[in-house]
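# Inside the fold
One-letter residues, chain by chain:
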Amino acid sequence: MSLCAAPEIREAYDDVRNDKSATDWMLLEFVDDRKDELKVASTGSSGLNGLKSELKENAAAFGYIRMAMANDELSQRTKFVLLAWCGPQTRVMRRAKLSVQKAEVKNVIRSFSIEIAASETSELDAESIMLQLKKAGGANYDRQASNY
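Residues numbered from 1 in each chain as written. Predicted model: local features only at pLDDT ≥ 70, side-chain atom pairs only at ≥ 80, totals over all residues. Heavy atoms only, no water.

## Points about the nonpolar core
Quick note on the threshold: The nonpolar core is taken to be a set of buried Ala, Val, Leu, Ile, Met, Phe, Trp, Tyr and Cys residues, with the residues joined through side-chain atoms within 4.5 Å. Think of it in three bands: residues with accessible area under 20% of the maximum for their type are buried, residues over 50% are exposed, and the middle band is partly exposed, with areas taken using a 1.4 Å probe on protein chains only. A run of H or I in DSSP becomes a helix once it reaches four residues, and a run of E becomes a strand once it reaches two; helices and strands are each numbered from the N terminus. Should any heavy atoms of two residues lie within 4.5 Å, those residues are considered in contact.
In this structure, Met26, Leu38, Phe62 and Ile109 are the most contacted members of the largest nonpolar core, which totals 22 residues. Those elements that place two or more of their residues in this core are helix 1 (7–17), strand 1 (25–30), strand 3 (60–70), strand 4 (76–86) and helix 3 (92–105). Ignoring anything within four residues of it in the chain, the contact list for Phe62 reads Met26, Leu27, Leu28, Phe30, Leu38, Leu83, Ala84, Leu98, Gln101, Lys102 and Val105. By size, the runner-up hydrophobic cluster in this structure holds 18 residues, among which are Ala61, Leu124, Ile129 and Leu133.

## Some points on helix 2 (residues 47–54)
Applicable threshold: Think of it as the arc spanned by the lines of direction from the helix axis to the C-beta atoms.
Along helix 2, the positions that sit buried rather than exposed are Gly47, Leu48, Gly50 and Leu51. Buried residues of helix 2, seen end-on, are gathered within an arc of 160° and therefore sit on one face of the element. What points out from helix 2, more than 90 degrees from its buried face, is the exposed set Asn49 and Ser53. As for helix 2, its buried residues are in contact with strand 1, strand 3, strand 4 and helix 4 (126–136).

## Observations concerning helix 1
Along helix 1, the residues that are buried comprise Ile9, Ala12, Tyr13 and Val16. Buried residues of helix 1, seen end-on, are gathered within an arc of 100° and therefore sit on one face of the element. For helix 1, the exposed residues lying more than 90 degrees away from the buried face are Pro7 and Glu11. Buried residues belonging to helix 1 abut strand 1, strand 2 (38–44), strand 3 and strand 4.

## Observations regarding the side chain of Gln101
Where we set the bar: Between N or O atoms, a polar contact is any pair within 3.5 Å; within protein, one atom must be a potential hydrogen donor and the other a potential acceptor, and residues adjacent in sequence are included only when both atoms are from side chains.
On the secondary structure map, Gln101 appears in helix 3. For Gln101, a relative accessible area of 7% gives the class buried. Looking at Gln101, its side chain comes within polar contact range of the side chain of Asp36, at 3.2 Å. Every residue in contact with Gln101, bar those within four places of it in the chain, is listed here: Leu3, Phe30, Asp36, Phe62 and Arg94.

Dropping the structure here:
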């Protein structure tokens, strides 16, 4: 069976991408330690902090987050972040396969501005993610006020 064969993965992805939906993140986890098959572990509308609260230290997972970004009050944009999570206590074989499996996840989760690999929740700081999104966003008409 394919890593992302479950139809609910595509449904959750579409829900996060839907501007009319309150859902702004999803988390994909492996069905169990032995199978190379993902399932939707959770979704939510509490932003980055909600997703961070679901990450486990002994597991690998993939997250997808919708974030609102603005250079000023007139230029509101929606950006998406792909997260490859590998908790510090993740088993060696799962850790070894993760980079290859990430390519298969990208066949389903295609639209994102930046990709983040993290193994500690402290690496998932909203301010630094916003800075990465601004840098990846192209034109910055707020250069005088920005720190990059």
